[in-house]
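Architecture at a glance
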Amino acid sequence: MIKDVLIVGSGTAGLLFALSLKRRISGLNVRMVRSPKIGVISVGEATTPNLPPFLFEYLGISRRYFYERVRPTWKKGIRFLWGPRGRFDYGFAQALDSQLSALPRPNGFYCDEEFSCCDVPTALMRDDKAFPRAPHGGPDIHRWHAFHLDNVPLVSALEEFAVNLGVEVIDGKVVDAEKGPEGIAAIRLEDGRRLEADFFVDSSGFRSVLLGGALEEPFVSYSSSLFTDRALVGSWERGSDEPILPYTTAETMNCGWAWQIEHEKSLSRGYVYSSQAISDDAAHDEFVARNPKLTDQRIIHFRSGRYRRSWVGNVVGVGNASGFVEPLESTALMIVCQEAQNLTNFLIHSGLEPTPTIRTMYNTYFADTWDEIRDLLSLHYRLNTKIDTPFWKTCWNEVDIAGAAPIVEFYRENGPIGFARHLLRGHAANFGLEGFLMMLVGNKVPYEKRHTPTDAEWEIWNRHRANNIEVARNAMTTEEALSYVHHPNWRWDDEGATTH
Ligand SMILES: Cc1cc2nc3c(=O)[nH]c(=O)nc-3n(C[C@H](O)[C@H](O)[C@H](O)COP(=O)(O)OP(=O)(O)OC[C@H]3O[C@@H](n4cnc5c(N)ncnc54)[C@H](O)[C@@H]3O)c2cc1C
């Protein structure tokens, strides 16, 4: 029976696991060991909409405290500077895997030419607005939003929450691991200390000290689908003429793409590129030419892929230690939340004595999750015809779209209809068909069975878009919404009525 858990690494992944285990399983002893010399990766700042409910509802962290300590801004979706349209917005809603009841065909059939404001989130994005105005005048902060977060205050706040819950944090570098009948029996630190536990969480980042290191679990590479392997990262202080945008921007670059992430006081940019296609110096020159204000640049090396199994014996790898796909859809923390919640539930429901079938189920679930994201990201590369540099031409011809191939084939014959969801891999819980349709419609992929809407259909569709545009016109900017939530009179739902 598991009584003692030792977590190796105290980046975002290790901390979210520590909080989940400690909050949900009473009596469990949870310790973390981390190397201050190695530190945390300090990148990973955009999330998906599952993070806020995980923090505030599942972990029970106070919204007021979190907003004060971490000062997040809101992300309503991703603006892609991509494809033949030059730009399209992917909002956190069902814009395309959806149909108006008054119309005979799904929404995508009305988006061949004009593709914007199909729903309120994308109408808000078009106007750089964060939230509609609620009847009390303040922002209507609906549940389905994501965050832009600065990794440094995030990690420091999560550590404080974890310590307050009783998690012990030990400073030290793991240099060796002793194998035992279940996997790992103990780890050794550089200073000679030996730490035993019943169960180990490997959240040591790309080093994967226990899962990839001591246990030598094989790595499944995604390099035939995702060619990028480096990121040049920098930031600058926000000027008074630079509004806080309520979305992440993904901009096509000569040999990859660049993110723009919006913090309250700064902008973060990162050029994700393929080292096969461009040298570090040339990537730097291209990036700086577009972003002359950039300061504090550094290069991060990564590889996209996952370990074959993430739970082996008494070791579970999480976060970057279990897998990583390049950050086009900002999926890493999304998976960490799911891993933490699933593992915690599996431990609870097995009475802290997990069975082999539970481990297998966990491993299959997360292998499918990673592979599904790989499939979706590969389409971003295969379909982006915005520019025709040698890198992008290679992507059009050589990116392996793996499990997305049947969906693309179906789309080319039938258009943007929902039946394609039956072709999705496994549980398809994350992006669903919406994510795939977004890439197909956004990139104007041609299809055979076209629909010619009648005038009456256009009138209904255009009225729907006009209503969304009207909501956005009256909505508020991020700056205005932040001034509400940081006002002392503001009350979050978890504190009673929302007032200002
Ligand atoms: C270019 C890039 C962009 C990204 N963008 C996003 C994004 O937009 N959104 C998103 O969700 N994610 C993003 N990620 C992923 C993000 O970095 C991670 O999800 C997140 O920061 C969690 O990291 P981690 O905790 O797994 O690892 P880390 O932050 O690297 O933490 C590792 C921990 O292990 C410790 N450690 C390592 N080795 C040892 C040892 N031998 N002994 C003791 N301790 C050790 C370290 O000290 C540290 O505490 C991005 C990643 C990259 C590379």
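A separate point is the environment of Thr 452. Looking at the secondary structure, you find Thr 452 in the loop between helix 12 (432-442) and helix 13 (455-473). Thr 452 sits in the exposed class, given a relative accessible area of 68%. As for Thr 452 and Arg 374, which are separated by 78 residues in sequence, their C-alpha atoms are 34 Å apart.

Turning our eyes to something else, we now look at the pairing of strand 14 (residues 248-253). With six of six residues buried, strand 14 lies mostly within the body of the structure. Side-chain alternation along strand 14 places Thr 248, Ala 250 and Thr 252 on one buried face and Thr 249, Glu 251 and Met 253 on a second face that is also buried. What sits between the antiparallel neighbours strand 14 and strand 15 (residues 256-262) is a turn of two residues.

A few words now on the site of the ligand. Of all residues adjacent to the ligand, which total 35 residues, the nearest are Ser 10, Val 43, Ala 46, Val 174 and Leu 333. Contact distances for the ligand include 3.0 Å between an oxygen atom and a backbone N or O atom of Ser 35. Between the ligand and Ser 203, the relevant distance is 3.5 Å, taken from an oxygen atom to a main-chain nitrogen or oxygen of the residue. Computed on the free molecule, the ligand has an accessible area of 1000 Å², of which 97% lies beneath the protein chains in the complex. When atom positions are compared with the pocket grids, the ligand is found to occupy the largest pocket. Partitioning the shell around the ligand into residue classes produces 16 nonpolar, 15 polar and four charged. Residues lining the shell around the ligand come from more than one domain, with at least three contributed by each of domain 1 (4-45 + 150-223 + 305-354) and domain 3 (230-301).

Here we take up helix 2 (residues 51-58). With seven of eight residues buried, helix 2 lies mostly within the body of the structure. All of the buried residues along helix 2 are Leu 51, Pro 52, Pro 53, Phe 54, Leu 55, Phe 56 and Tyr 58. Check the buried side of helix 2 and you find it contacts helix 1 (12-24), helix 3 (63-70), strand 6 (146-148), helix 5 (151-165) and helix 8 (332-349). Positive phi shows up at Gly 60, right after helix 2, with a value of about 70°.

Paired through backbone hydrogen bonds, the strands of a sheet run either parallel or antiparallel to each other. Spatial strand order, 7-2-1-11-20-19: six strands in an open sheet with mixed pairing. The open sheet has two edge strands with one neighbour each: strand 7 (168-171) and strand 19 (311-312). Note that strand 1 (residues 4-8) and strand 11 (residues 199-202) share four bridges and pair parallel. Residue pairing for strand 11: Val 8 is matched across the bridge by Asp 202.

The next thing to look at is the pattern of salt bridges. Working definition: two side chains of opposite charge can pair if their charged atoms are close together. Per the stated rule, a full pass over the model turns up 29 salt bridges. Where Glu 196 meets Arg 194, a salt bridge forms, and the shortest distance between an N and an O atom there is 2.6 Å. Across the pair Glu 242 and Lys 293 runs a salt bridge whose closest N-O atoms are separated by 3.1 Å. With a gap of 51 residues between them, Glu 242 in the loop between strand 13 (230-237) and strand 14 and Lys 293 in the loop between helix 7 (280-290) and strand 17 (295-301) connect regions that are remote in the sequence. When salt bridges with common partners are traced through the structure, they connect Glu 178, Arg 188, Arg 194 and Glu 196 into a single cluster.

Once that is clear, we can look at the domain arrangement of the protein chain. Often, the extent of an interface is quoted as the loss of accessible area upon association of its parts. Domain annotation for the protein chain reports domain 1 (4-45 + 150-223 + 305-354), domain 2 (93-147 + 373-473) and domain 3 (230-301). The straight-line distance from the C-alpha centre of domain 1 to that of domain 2 is 35 Å. Contacts between domain 1 and domain 2 engage ten residues on the former and nine residues on the latter. For the pair domain 1 and domain 2, the summed buried surface comes to about 870 Å²; carbon and sulfur atoms form 69% of the total. When the buried surface of domain 1 facing domain 2 is broken down by residue, Tyr 222, Leu 328 and Glu 329 rank first, second and third, together holding 48% of it. Inspection of the region where domain 1 meets domain 2 yields zero salt bridges. Looking at the side of domain 1 that touches domain 2 residue by residue, the class counts come to five nonpolar, two polar and three charged.

What follows deals with the packing of aromatic side chains. For the structure shown, the criterion picks out 34 aromatic pairs. Where Tyr 67 meets Trp 492, the ring centres are 4.6 Å apart and the plane angle is 35°; that geometry is what we call tilted. A residue pair is termed long-range when its members are at least 10 positions apart, and Tyr 67 in helix 3 and Trp 492 in the segment after helix 14 (478-485) qualify at 425 residues. One exposure class covers both Tyr 67 and Trp 492, and it is buried. Ring geometry for Tyr 110 versus Trp 461: centroids 5.6 Å apart, planes at 25°, classification stacked. Of this pair, Tyr 110 sits in the loop between strand 5 (88-91) and helix 4 (120-126) while Trp 461 sits in helix 13, placing them 351 residues apart in sequence. Overall, the relative accessible area of 2% leaves Tyr 110 in the buried class. With relative accessibility at 1%, the residue Trp 461 sits in the buried group. Pairwise contacts between aromatic rings join Phe 56, Phe 66, Tyr 67, Trp 74, Phe 131, Phe 147, Tyr 484, Trp 490 and Trp 492 into one cluster. Lying across the ring of Phe 109, Arg 105 places its NZ or CZ 4.1 Å from the centre.

In the contact formed by helix 1 and helix 5, the axes pass within 9 Å of each other and the chain directions differ by 25°. Taken together, the axis directions place helix 1 and helix 5 in an arrangement best described as roughly parallel. Crossing geometry of helix 1 relative to helix 5 is assigned as left-handed. On the side of helix 1, the interface is formed by Thr 12, Leu 15, Leu 16, Leu 19, Lys 22 and Arg 23, while helix 5 contributes Asn 151, Leu 154, Val 155, Leu 158, Glu 159, Phe 161, Ala 162 and Leu 165. Class assignment of the residues belonging to the contact of helix 1 with helix 5 gives a composition of nine nonpolar, two polar and three charged.

Secondary-structure assignment places Arg 359 in helix 9 (residues 356-383). Although buried, Arg 359 forms no salt bridge, and the nearest oppositely charged side chain, Glu 182, lies 4.7 Å from it. Ignoring anything within four residues of it in the chain, the contact list for Arg 359 reads Trp 311, Gly 313 and Pro 354.

How each quantity is defined
Residues numbered from 1 in each chain as written. Predicted model: local features only at pLDDT ≥ 70, side-chain atom pairs only at ≥ 80, totals over all residues. Heavy atoms only, no water. Helix = DSSP H or I, 4+ residues; strand = E, 2+ residues; numbered from the N terminus. Buried < 20%, exposed > 50% of the residue type's maximum accessible area, 1.4 Å probe, protein only. Pairing = 2+ DSSP bridges. Near = heavy atom within 4 Å. Polar contact = N/O pair within 3.5 Å; in protein donor to acceptor, adjacent residues only side chain to side chain. Areas by Shrake-Rupley, 256 points an atom, 1.4 Å probe, with all protein chains shown as cover. 1 Å grid on protein atoms, 1.4 Å probe; cavity = no way out; pocket = protein on both sides within 12 Å on 5 of 7 lines; lining within 4 Å. Sits in = over half its atoms within 2 Å of the grid points. Nonpolar A, V, L, I, M, F, W, Y, C, P; charged D, E, K, R; others polar. Domains from an automatic or database assignment. Contact = heavy atoms within 4.5 Å. Salt bridge = Lys/Arg side-chain N within 4 Å of Asp/Glu carboxyl O. Buried area = accessible area lost by both parts, 1.4 Å probe. Phe/Tyr/Trp six-rings, centres within 6.5 Å; stacked < 30°, edge-to-face > 60°. Lys NZ or Arg CZ within 6 Å of the ring centre and 35° of its normal. Axes fitted to C-alpha atoms, helices over the stretch in contact; angles between N-to-C directions. Parallel < 35°, antiparallel > 145°, perpendicular 65-115°, else oblique. Left-handed = near helix turned anticlockwise from the far one by under 90°. Lys, Arg positive; Asp, Glu negative; His and termini not counted.

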